[in-house]
Amino acid sequence: MLDLLIQNATLPDGRAGVTVAVRDGKIVEVTAGLDAPAHEVIDAHGRLLSPPFVDAHFHMDATLSYGLPRVNQSGTLLEGIALWGELKPLLTQEALIERALTYCDWAVAKGLLAIRTHVDVCDERLLAVEALLEVKRRVAPYLDLQLVAFPQDGVLRGPLGPDQHMDKLKRALAMGVDVVGGIPHFERTYEQGSRSIKLLCELAAERGLMVDMHCDESDDPLSRHVETLAYETQRLGLHGRVTGSHLTSMHSMDNYYVSKLLPLMAEAQLHVVANPLINITLQGRHDTYPKRRGMTRVPELLAAGINVAFGHDCVMDPWYSLGSGDMLEVAHMGLHVAQMTSQQGMRQCFDAVTTNAAKVMHLQGYGLEVGCDASFVLLQARDPVEAIRLRANRLKVWRKGKLVAETAEVVAKLHVAGRPNAVGFSQP
Ligand code: FE2
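Please read all numbers here as calculations on a predicted model, not as lab measurements. (Residues numbered from 1 in each chain as written. Predicted model: local features only at pLDDT ≥ 70, side-chain atom pairs only at ≥ 80, totals over all residues. Heavy atoms only, no water.)

Peer 1: Quick question: what am I supposed to make of the coordination of the iron ion here?
Peer 2: Each pair of donors in an ideal four-coordinate tetrahedral metal site encloses 109.5 degrees, whereas pairs in an ideal six-coordinate octahedral site enclose 90 or 180 degrees. Binding of the iron ion to the protein goes through His57 (NE2), His59 (NE2), His214 (NE2) and Asp313 (OD), at separations of 2.2 to 2.4 Å. With four donor atoms in place around the iron ion and angles of 84 to 170° between them, the coordination shape is irregular. All donor residues of the iron ion come from one chain, and their arrangement in sequence is H-x1-H-x154-H-x98-D. Here His214 is found in strand β10 (residues 210-215), whereas its partner Asp313 is found in the loop between β13 (307-310) and α10 (327-337), with 99 residues between them in sequence. The burial state of His214 is the same as that of Asp313; both residues are buried. (Donors = N, O, S within 2.8 Å, 3.2 Å for Na, K, Ca; no water. Tetrahedral: all angles 85-135°; square planar, octahedral: opposite > 155°, others 65-115°. Helix = DSSP H or I, 4+ residues; strand = E, 2+ residues; numbered from the N terminus. Buried < 20%, exposed > 50% of the residue type's maximum accessible area, 1.4 Å probe, protein only.)

See below:
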């Protein structure tokens with residue numbers, strides 16, 4: 001006897017009329033038109049059944065702190081970092097845990113079941129690390145949280161000095177943080193930025209860990225730390241385990257240089273995470289007009305064979321005042337900023353918040369194949385493009401075969417003579 005049978009679903013790859021069968025938390029069958037006894041049978045009515053949304057880049061220690069202790073007036077990355085520095089001494093573990101758990105509730109309701117979050121390791125108390133490890137433990141039954149040891153103030157630049165900061169970062173890893181982070185463009189000089197990449201990649205190589213660095217998050221066309229990141233990845237044999245996050249300077253780089261850079265990134269099997277909501281608001285702040293968009297070169301990276309995901313990065317914090325954990329909103333913004341308006345481009349934007357992000361995190365058991373975890377989302381949309389267009393309602397969210405969230409169907413009622421009284425927003 002099956003636990004769950006979902007019939008008449010459409011999958012993101014376009015397969016329609018599909019039945020997905022679940023037993024013991026795993027997908028045991030994905031086929032056309034299967035009918036078998038099950039404890040629960042659900043008719044998807046041709047709607048999209050997708051693997052869960054995945055956010056490959058987030059800052060959960062800062063989330064939902066908007067306005068504390070004040071609001072970012074300039075809207076720049078640098079004022080955001082300064083503001084976070086003002087907030088850090090005021091943080092309490094209880095409040096941080098509470099805000100993070102609230103965000104995880106939002107995430108699950110939106111079908112977002114895996115998040116890679118950077119956690120600041122520059123605080124002497126490592127309070128955010130302790131808090132997020134506790135959150136990770138508490139949400140584990142319904143959400144995968146992966147932590148990155150992120151030296152927000154610069155591992156070489158930070159006020160405690162390089163030895164202390166390296167020590168804090170290592171302590172965070174020893175406590176159970178999963179991934180080595182960095183922020184080379186924020187170090188004092190270009191040379192120091194390069195040194196930080198070398199040090200941190202060597203640390204990851206020694207310990208068999210993944211790397212995810214905030215890299216070149218500026219409008220400076222000469223910020224080229226991603227080149228060093230690719231070099232160190234290749235030198236240390238970290239292929240496929242290293243991610244460059246943001247990479248916004250690539251937007252402003254010389255085209256010839258980028259034509260040399262992309263093959264080097266592909267050779268190192270770097271992953272890239274663009275953060276469209278945040279970088280369309282943070283970048284170009286020093287421009288008059290025209291104002292640069294600032295997001296990294298997503299279509300070109302994909303064409304070069306590089307795995308690109310979109311991250312949410314921030315929700316209601318010193319850097320960004322909006323957001324709700326909706327990865328379709330992220331995909332929607334990424335699609336617009338990168339002008340990925342072709343059918344293929346729009347579908348790639350859906351992949352950027354699902355399968356590509358899962359690859360960045362090296363998630364096991366992810367997908368809609370036999371043997372994968374029975375974790376998926378039933379959307380009130382017929383396909384990935386409609387899902388992005390409507391930022392579609394998440395009708396039901398399952399995690400390993402268990403229903404973890406549901407939202408009633410959204411139907412607008414019209415009171416207009418001579419017109420239908422229900423509006424579904426689908427093309428006739
Ligand atoms: Fe970030």
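Right, picking up where we left off after that structure.
Peer 1: Mind showing me how you'd approach the nonpolar core here?
Peer 2: As a rule of thumb, soluble globular proteins bury nonpolar side chains together. The biggest cluster of nonpolar side chains holds 110 residues, and the ones touching the most others in it are Met60, Ile115, Val135, Leu169, Met250, Met265 and Val298. Here this core gathers at least three residues from each of two domains, domain 1 (2-51 + 367-413) and domain 2 (53-361). What Leu169 contacts, discounting residues up to four positions off in sequence, is Val121, Ala149, Pro151, Val155, Val180, Gly181, Leu200 and Leu203. Residues Leu11, Ile42, Ala374 and Phe376 belong to the second largest nonpolar core, which totals 19 residues. (Core = buried A, V, L, I, M, F, W, Y, C linked by side-chain atoms within 4.5 Å. Domains from an automatic or database assignment. Contact = heavy atoms within 4.5 Å.)

Peer 1: What is the right way to look at the layout of surface pockets in this model?
Peer 2: A water-sized probe rolled over the atoms picks out the places where empty space is left. Considering only enclosed or pocket space, the largest pocket measures out at about 400 Å³ in volume. In terms of lining, the largest pocket is formed by 21 residues, of which the most central are Leu78, His185, Glu217, Ser218 and Asp219. When grouped by side-chain class, the residues that make up the lining of the largest pocket number seven nonpolar, eight polar and six charged. (1 Å grid on protein atoms, 1.4 Å probe; cavity = no way out; pocket = protein on both sides within 12 Å on 5 of 7 lines; lining within 4 Å. Points joined across faces, edges and corners; volume = space filled by probe spheres on them. Nonpolar A, V, L, I, M, F, W, Y, C, P; charged D, E, K, R; others polar.)

So far we have only geometry, and geometry alone does not tell us how the molecule works.
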